[in-house]
Amino acid sequence: MSEPADRRYGPATVPTARGPLSAAVVEALRRPPRDLPADLGVDLDPADPITDEDLQLTLFLCYELHYRGWLGVDESWEWQPTLLALRARCERVFEAALRRLVGAPSVPAAGVAAGLAELVAADDGPSLAATLQRRADLSQFREFVAHRSVYHLREADPHSWALPRLGGPAKAALVEIQTDEYGNGRLDRMHAELFRSTLDGLGLDTGYGAHIDVAPAVTLATNNLMSLFGLHRRLRGALLGHLAAFEMTSSLPNRRYGNGLRRLGFDEVATRFYDEHVEADAVHEQIAAHDLCGGLVRVEPALASDVLFGAAAGLAVDRLFAAHLLDSWAAGRSSLRTPAPPALPPTVLPTVPLASTAAVPLVTG
């Protein structure tokens with residue numbers, strides 16, 4: 001495969017391995033499709049699968065083959081049986097960890113929409129959004145944007161896997177949400193494109209997958225969670241629950257992110273992605289809870305518990321993500337793996353004084 005003329009849209013460069021399992025996959029992907037060792041990953045037993053760098057990168061390597069692929073990698077790897085078998089082994093470990101993390105959320109008598117509202121109301125994770133709004137310095141905000149680029153440059157794609165697996169009211173609701181996410185067919189209004197403008201405004205690489213190597217396991221896990229749900233029909237309820245929780249907890253944080261960028265001196269081009277989500281997600285919240293998840297459960301009542309599991313898992317992994325960033329910054333270190341993104345060129349640094357950010361330690365790594 002030759003290198004694309006425009007690297008903004010992928011495929012991404014194969015990332016650097018983080019352990020023996022991901023090293024075996026990276027090495028295999030450099031060659032034409034062939035069988036992997038039959039015992040690869042059979043003894044997989046990480047202490048914490050959600051934060052295990054080797055496991056999460058291995059899953060990400062496998063999943064990306066179903067999105068835009070990897071630069072220079074034979075596309076036939078997507079359905080290579082022994083690679084799929086390895087992915088399945090990793091998925092079993094990851095899914096088991098997610099179920100241990102959140103248990104089995106019960107469906108209240110009032111129904112699945114009420115259950116989603118209860119989960120969101122009970123979410124007591126650390127307020128990353130408040131920190132970014134009020135105290136984070138420029139380097140910390142850039143780190144946050146680099147983390148989120150792994151998802152936002154393909155925003156909405158994981159949830160679109162549900163479309164051919166649904167019918168009736170749930171499908172109609174999902175189409176309504178996704179149409180908005182994809183800018184109603186206008187490139188300049190696609191949410192992924194709006195986020196690319198944010199990356200550019202902060203002096204960060206706008207290429208698809210450009211920040212995978214610096215994203216730690218917990219960041220990859222927030223993405224792998226969606227791919228796990230999206231690529232398995234049996235988990236379609238969990239995928240919709242994840243989307244609902246995502247939309248129901250998005251509007252206020254995005255307002256805070258936009259305000260945080262304005263505090264740091266950035267203009268409406270850099271903040272447009274977040275400003276757009278304040279209004280859009282307030283609408284999506286109702287559609288997702290009542291029409292999407294409620295519509296699914298009316299047709300398939302047995303999926304109610306799956307919906308709540310997907311929502312709870314998404315919220316729980318996001319809490320781990322937020323805690324990782326805040327704990328790293330409190331300790332005076334970078335939340336990213338090395339190497340960190342390059343410093344902003346002086347010509348694009350905001351002119352607004354940053355003295356108000358002194359309450360949070362500067363990132364040193």
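Please refer to the structure placed before this passage.
Since the model is a prediction, treat every value here as computed from it, not as a measurement.

S.K.: Where do I start with helix α10 (residues 217-230) in this structure?
M.R.: Residue pairs spaced three or four apart in an α-helix point in one direction, given the helix's 3.6 residues per turn. An ideal rise of 1.5 Å per residue puts 20 Å on 14 residues; α10 measures up with 19 Å between its terminal C-alpha atoms. Summarising burial for α10: 14 of the 14 residues are buried, a large majority.

S.K.: Would you take a moment to explain the side chain of aspartate 157 for this structure?
M.R.: When you line up the elements, aspartate 157 lands in helix α7 (residues 157-160). Classification of aspartate 157 as buried rests on a relative accessible area of 19%. If we ignore the near neighbours within four places in the chain, the residues touching aspartate 157 are Tyr67, Arg68 and Tyr182.

S.K.: What is the right way to look at the packing of helix α4 (residues 112-122) against helix α11 (residues 236-248) in this model?
M.R.: Two quantities define a packed helix pair, namely the angle between the axes and the distance from one axis to the other. Two numbers describe how α4 lies on α11: the axes approach to 10 Å, and their chain directions differ by 50°. Comparing the axis directions of α4 and α11 gives the class oblique. α4 and α11 meet at a crossing whose hand is right-handed. In this structure, α4 uses Leu116, Ala117 and Val120 to contact α11, whose residues at the interface are Gly241, Ala244 and Met248. Looking at side-chain class alone, the contact of α4 with α11 contains 5 nonpolar, 1 polar and no charged residues.

S.K.: Is there a simple way to think about the packing of aromatic side chains in this case?
M.R.: Two measures describe an aromatic ring pair: the distance that separates the ring centres and the angle between the ring planes. Scanning all chains against the criterion turns up 9 aromatic pairs. Measuring from ring centre to ring centre gives 6.0 Å for phenylalanine 141 and phenylalanine 144, while their planes differ by 90°; the resulting arrangement is edge-to-face. A residue pair is termed a helical-turn pair when its members lie 3 or 4 positions apart in one helix, as phenylalanine 141 and phenylalanine 144 do in helix α6 (residues 138-152) at 3 residues. The exposure classification of phenylalanine 141 matches that of phenylalanine 144, with both residues buried. Consider the rings of phenylalanine 273 and tyrosine 274, whose centres lie 5.1 Å apart with planes at 85°: the pair is edge-to-face. In this pair, the class of phenylalanine 273 matches that of tyrosine 274, namely buried. Ring pairs connect the aromatic residues Phe141, Phe144, Phe195, Tyr257, Phe273 and Tyr274, which therefore count as one cluster. The aromatic ring of tyrosine 67 is capped on one face by arginine 154, whose charged end is 4.0 Å from the ring centroid.

Criteria and thresholds
- Residues numbered from 1 in each chain as written.
- Predicted model: local features only at pLDDT ≥ 70, side-chain atom pairs only at ≥ 80, totals over all residues.
- Heavy atoms only, no water.
- Helix = DSSP H or I, 4+ residues; strand = E, 2+ residues; numbered from the N terminus.
- Expected span 1.5 Å × (residues − 1).
- Buried < 20%, exposed > 50% of the residue type's maximum accessible area, 1.4 Å probe, protein only.
- Contact = heavy atoms within 4.5 Å.
- Axes fitted to C-alpha atoms, helices over the stretch in contact; angles between N-to-C directions.
- Parallel < 35°, antiparallel > 145°, perpendicular 65-115°, else oblique.
- Left-handed = near helix turned anticlockwise from the far one by under 90°.
- Nonpolar A, V, L, I, M, F, W, Y, C, P; charged D, E, K, R; others polar.
- Phe/Tyr/Trp six-rings, centres within 6.5 Å; stacked < 30°, edge-to-face > 60°.
- Lys NZ or Arg CZ within 6 Å of the ring centre and 35° of its normal.

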